[in-house]
Amino acid sequence: MTTEVAGPPGGAVESKGLKSGALGLASTVVIGVASTAPAYSLAATLGFVTFYVGLKAPAVMWLAFLPMGCIAAAFFYLNRADPDCGTNFSWVTRAMGPRWGWLGGWSSLMADLIVMPSLAFIAAQYTFLLFGWDSLTNNTYCMMAVGLAFILGMTWICFVGIELSARTQFGLLATELAILVLFSTVALAKAFGGTRGFVHPEWSWLTPTGFGGVSSLSSALLIAVFIYWGWDTAASVNEESENANTTPGLAGVLSTFILVAIFVITTIAAQSVRGAGLLTDNPDDVLHATGKIVFGNSGLGTLFFKLLIVAVLTSAAASCQTTILPAARTALSMAIHRAFPPRYGEVDHRYLTPAFSTWVFGVVSSVFFATLMIVARYSHGDVLTWAADAVGLMIAYYYGQTGFACVLYYRKHIFKSVKNFIFVGLLPLVGGLTLAFIFLWGLKDFSDPTWEDPPTSWFGFSPVFWIGLGTLLAGIPLMYWWNSKDHAFFRVKADPIERRPPPEGGVPLPPLVPEGAPR
Amino acid sequence: MSGEVILGYDGEPGSRAALTTAVAIAGAFKRPLVITFGYAPAPIGGEVADLSKAVQDIGERIAKEAVGQARALDASVETRVELVNDRPADALLRAADEFDALAIVVGSTGRGPIAGTVLGSVTYQVVHRSKRPVVVVPSP
C-alpha cells in the first residue's frame, strides 16, 4: 500500500496507512485444500497408482505425502526470507545462481503446461459422463472439442480475473468433500457389511511394505506426488493471514490432515468396491466406474452419482484456475526480473491481470493438448497416463530443487538451533533427496517403452520420457537464446550469505536485478 | 482531517465522469478529494507479489493522471491518492471509514451492464454496503 500526496501549493497532507486484506483460518484452509483439488486429483490418478502397486494404493497415498510435507517446510521458510518475490524461480536464483533459477522457473511452467491435457481430458470425459453420453468419450474429436473449450474458457476466466467469492468457493469445496465422504462411507459400509462383490478392507493396504519392487513404488509415488501438488499454495498464502502467529500453522496442519485423510480413505473405499482391478481397468473414469456401483440405480443413488461427477468437474475447473494463474504469474515474474521477454510482464490495464502471459499459456496448452490427443489416437496411447507420469517427473524436479535450494540458502543457519536444523536443514534435504531419487528412477523406467500400459514408443523411449525430460531440456537452448538478447538477469550472483535474513525473518532482500541494469 | 470526498477511480470512461462530479462536490463543500484505486490479486495461484507491484505501478500512473485532471478542473481542491491493496469495493468502503468520508463517488458502470452482472459490479456492492452517502454518476 502506498500513499501519494498531491495537495494545493503549500498545503501539506498527512497520509494514512490502509492495511491489506487478511485471510481467516477457514479461508486459508479452503485455499490449501481447494488448490489441491482432491476429487479431480483422484479421478486423474487413482487408476495409475493401482496399476503400479495394486491394493497398496492407500499406503502410497500417505507415503507420497512425506516428501511433499518436507518440501512444504522449504517453501514456508524460503517464503519468509524472500516474501516480496515469493517464487521458487527467485529463491533458486538466490541460492544457486541465475541459470539454475531460470531452469527452476521454467520447470514449474512446464509442470503447469503438462498437467493441462490431463485437466482438459478429465473435464471432457466427466462432462460426457454427466449427461450419460458415455460413447462420446471414445471419440477423439468430441473429447478434443470439449477439452479445448474448457482450456480456452478457463484462460478467459483467468484473463478477465473472475474470482469466485470466498463463500462460493467454500460452498463448492464443502460439496466436493461431502460427496467424497459420502462415497467413502457408503462404499465402506457395503464392504464391511459384506455386500456381494465388495472387498473387505485390510490393514495390509496401509502398511509401507511389499510394493513389488523399487520401480513400482517409485512410479506410484511419482503419480501420487502429483495429487498433493498445489498444497504448498497454502504455505505461501499463510503470510497474509489474519493472525500471522497462529493462523498459518494451524491452517497448514488442518489442511494437511484433511487432505491425507481424504486421499487415503477415498482410495480404500474405491478399491474395496471391486478390488484394484476395476480401478486399473478404468483409469480414465475411476470415480464414475466405482460411483455407479456404490450409489446404485435408485433415485437418490443417481442423484449422488451425478453429484460425484459434478464434484470432479468443479474440482477440475478449480484446479485449472490454480494452474493458469501461477503459470502466468511465474512468466510475469520472470519477465519483470528480465529473465523472459518483457511482453510477458505486461499487465492488462482494464482487468489488471498478466494478459499476454495468460493467453500465451492458454494457447500453448491448447496446442499441446490437441497434439497429444491426435498422437494418442494414432499411436493407441493414453493422454492421461502420459500427462500424469510426466507431470510427476517435472514436479519431482522442481520441488526437489526447491528443497536443495532451501538447504543451500540457509546453510549458515542450519546448526544454530534444533528447530533450524529440522526445518531448514533436515526436512528440505530429505524431501529433496527423495524427489531426486524418484525423478532419476522414473527417468530410468520411462526410458523403456514397455514400462507403461499401453506400451508406446517414440524413437525408442516412452512418451513420458520425452514429455517429462524433453520439455525440461527444451528450456536450456531458450535460456541461452534469451541470455544473448538480455544478459542482465544472468549476471545476478547468488546472494552473499551474510546479507540473508535468518529463518526467523528479517529485512526484505533487494530485487534480483537492479533497476536500469544494462543488457 | 475528516469529511473527505472519496472517489473510486480506475481510468475507465465511467470513472472519468465520476471524477468531474467528485471535484465539483469537493469544491462546493470545501473538502479534500481522495482518489482511491483498489486491487488485490486472487490469493489462489501463489506468486502474488510481482503482479501486485506491476498493478500498483499501473494504479500510480492512473491516479497521477486523475490528480492532473482534478487540478485542471478546480485547482483549489486539495487532492490525494490512496492505492489500496484490497478488492475495489472493499477498498472504497474501508477508505471511506478511515477518512470518515462525506460521500463516496463512483461511476455507474465500469464494465458495461452485462459484464457487470457477471463479474460483480463495484458500484452495486458499494451502494448496498456503504454506511455513508454514495453518489453514482452515470456514464456520458
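Residues numbered from 1 in each chain as written. Chains lettered and ligands numbered in written order. Predicted model: local features only at pLDDT ≥ 70, side-chain atom pairs only at ≥ 80, totals over all residues.

A closer look at the overall build of chain B
Alright, step 1. Scanning chain B for helices and strands turns up 5 helices and 5 strands.
Alright, step 2. In chain B, buried positions account for 54% of the 140 residues.
Alright, step 3. A fraction of 75% describes how many contacts in chain B between residues 6 or more apart in sequence connect residues 24 or more apart. (Helix = DSSP H or I, 4+ residues; strand = E, 2+ residues; numbered from the N terminus. Buried ≥ 20, exposed ≤ 12 C-beta atoms within 10 Å, placed from the backbone. Contact = placed C-beta atoms within 7 Å.)

Quick look at the overall build of chain A
Alright, step 1. On a plain count of helices and strands, chain A comes out with 17 helices and 1 strand.
Alright, step 2. A sequence separation of at least 24 residues applies to 78% of the contacts in chain A between residues at least 6 apart.

Observations regarding the pairing of strand 4 (residues 103-107) of chain B
Residue and element names in this part refer to chain B.
Alright, step 1. With respect to burial, strand 4 is a largely interior element, 5 of its 5 residues being buried.
Alright, step 2. A two-sided burial pattern is seen for strand 4, the buried positions comprising A103, V105 and G107 on one face and I104 and V106 on the other.
Alright, step 3. Note: strand 1 (residues 5-8) against strand 4, 3 bridges, orientation parallel. Among the inter-strand pairings, I6 is bridged to a residue of strand 4, identified as I104.
Alright, step 4. Here strand 4 pairs with strand 5 (residues 134-137) via 4 bridges, running parallel. Counterpart to G107 in the pairing with strand 5 is V137. (Pairing = 2+ DSSP bridges.)

Some thoughts on the packing of helix 2 (residues 38-53) of chain A against helix 15 (residues 383-409) of chain A
All names here are of chain A.
Alright, step 1. Where helix 2 meets helix 15, the closest approach of the two axes is 10 Å, and the angle between their N-to-C directions is 90°. As judged from the angle between their axes, helix 2 and helix 15 are roughly perpendicular. Mapping the contact onto sequence places A44, T45 and F48 in helix 2 and L384, T385 and A388 in helix 15. (Axes fitted to C-alpha atoms, helices over the stretch in contact; angles between N-to-C directions. Parallel < 35°, antiparallel > 145°, perpendicular 65-115°, else oblique.)

Topic: unusual backbone geometry
Alright, step 1. Positive phi, normally seen in glycine, also occurs at L352 of chain A, with a value near 60°.
Alright, step 2. For L352 of chain A, the position within the fold is in the loop between helix 13 (299-336) and helix 14 (355-379).
Alright, step 3. Under the C-beta neighbour-count criterion, L352 of chain A is labelled buried, with 21 such atoms within 10 Å.
Alright, step 4. Backbone geometry places K30 of chain B, a non-glycine residue, at a positive phi of 55°.
Alright, step 5. Position of K30 of chain B among the secondary structure elements: in the loop between helix 1 (13-29) and strand 2 (33-38).

Focus on the environment of Y351 of chain A
Residues and elements named next belong to chain A.
Alright, step 1. Mapped onto the fold, Y351 is located in the loop between helix 13 and helix 14.
Alright, step 2. On the neighbour-count criterion, Y351 (16 C-beta atoms within 10 Å) is partly exposed.
Alright, step 3. Taking C-alpha positions, Y351 is 49 Å from P208, a pair spaced 143 residues apart along the chain.
Alright, step 4. Leave out the neighbours within four places in its chain, and Y351 touches F159, V160 and G161.

As for the nonpolar core
Grouped burial of nonpolar side chains is what soluble globular proteins tend to show.
Alright, step 1. Membership of the largest hydrophobic core comes to 215 residues, with the highest contact counts inside it found for A224, V225, V312 and M394 of chain A together with V5, I6 and L7 of chain B.
Alright, step 2. Leave out the neighbours within four places in its chain, and V312 of chain A touches A39, Y40, A43, I122, Y126 and L287 of chain A. (Core = buried A, V, L, I, M, F, W, Y, C linked by C-beta atoms within 7 Å.)

Observations regarding the environment of A149 of chain A
Alright, step 1. By the element assignment, A149 of chain A lies in helix 6 (residues 140-160).
Alright, step 2. For the pair A149 of chain A and S366 of chain A, spaced 217 residues apart in the sequence, the C-alpha separation amounts to 9.0 Å.

Some thoughts on the confidence of the model for chain A
Alright, step 1. Here chain A averages 84 in pLDDT, while 88% of its residues score no lower than 70.
Alright, step 2. Every residue in residues 1-21 of chain A scores below 50 in pLDDT, and together they form 45 contacts with partners more than four places removed in sequence or on other chains. (pLDDT = per-residue confidence, 0-100.)

Section: helix 1 (residues 25-36) of chain A
Residue and element names in this part refer to chain A.
Alright, step 1. Compared with an ideal rise of 1.5 Å per residue, which puts 12 residues at 16 Å, helix 1 spans 17 Å between its outermost C-alpha atoms and is within 8% of the ideal.
Alright, step 2. Counting buried residues in helix 1 gives 10 out of 12 residues, a clear majority hidden from the surface.
Alright, step 3. The first or second residue beyond helix 1 is A37, which carries a positive phi of 50°. (Expected span 1.5 Å × (residues − 1).)

A look at the pairing of strand 3 (residues 79-84) of chain B
Residues and elements named next belong to chain B.
Alright, step 1. Most of strand 3 is tucked away, with 6 of its 6 residues classed as buried.
Alright, step 2. Alternating residues of strand 3 divide into T79, V81 and L83 and R80, E82 and V84, and every residue in both groups is buried.
Alright, step 3. In the sheet, strand 2 pairs with strand 3 via 6 bridges, with the strands oriented parallel. Among the inter-strand pairings, G38 is bridged to a residue of strand 3, identified as V84.

Structural notes on the environment of L113 of chain A
All names here are of chain A.
Alright, step 1. Take L113: it is sitting in helix 5 (residues 98-130).
Alright, step 2. C-alpha of L113 to C-alpha of G194: the two residues are 81 residues apart in sequence and 44 Å apart in space.
Alright, step 3. The contact partners of L113, leaving out residues within four places of it in the chain, are V364, S365, F368 and T471.

Topic: helix 12 (residues 286-295) of chain A
Alright, step 1. With 8 of 10 residues buried, helix 12 of chain A is to be regarded as a mostly interior element.
Alright, step 2. Phi for G296 of chain A, located one or two positions after helix 12 of chain A, is positive at around 70°.

Focus on the confidence of the model for chain B
All names here are of chain B.
Alright, step 1. When pLDDT is averaged along chain B, the result is 83; 87% of the residues meet or exceed 70.
Alright, step 2. In the model of chain B, helix 4 (residues 113-119) stands out as the element of lowest mean pLDDT, 50, in contrast to strand 1, which has the highest, 91.
Alright, step 3. Reported for the predicted complex are a pTM of 0.87 and an ipTM of 0.82.

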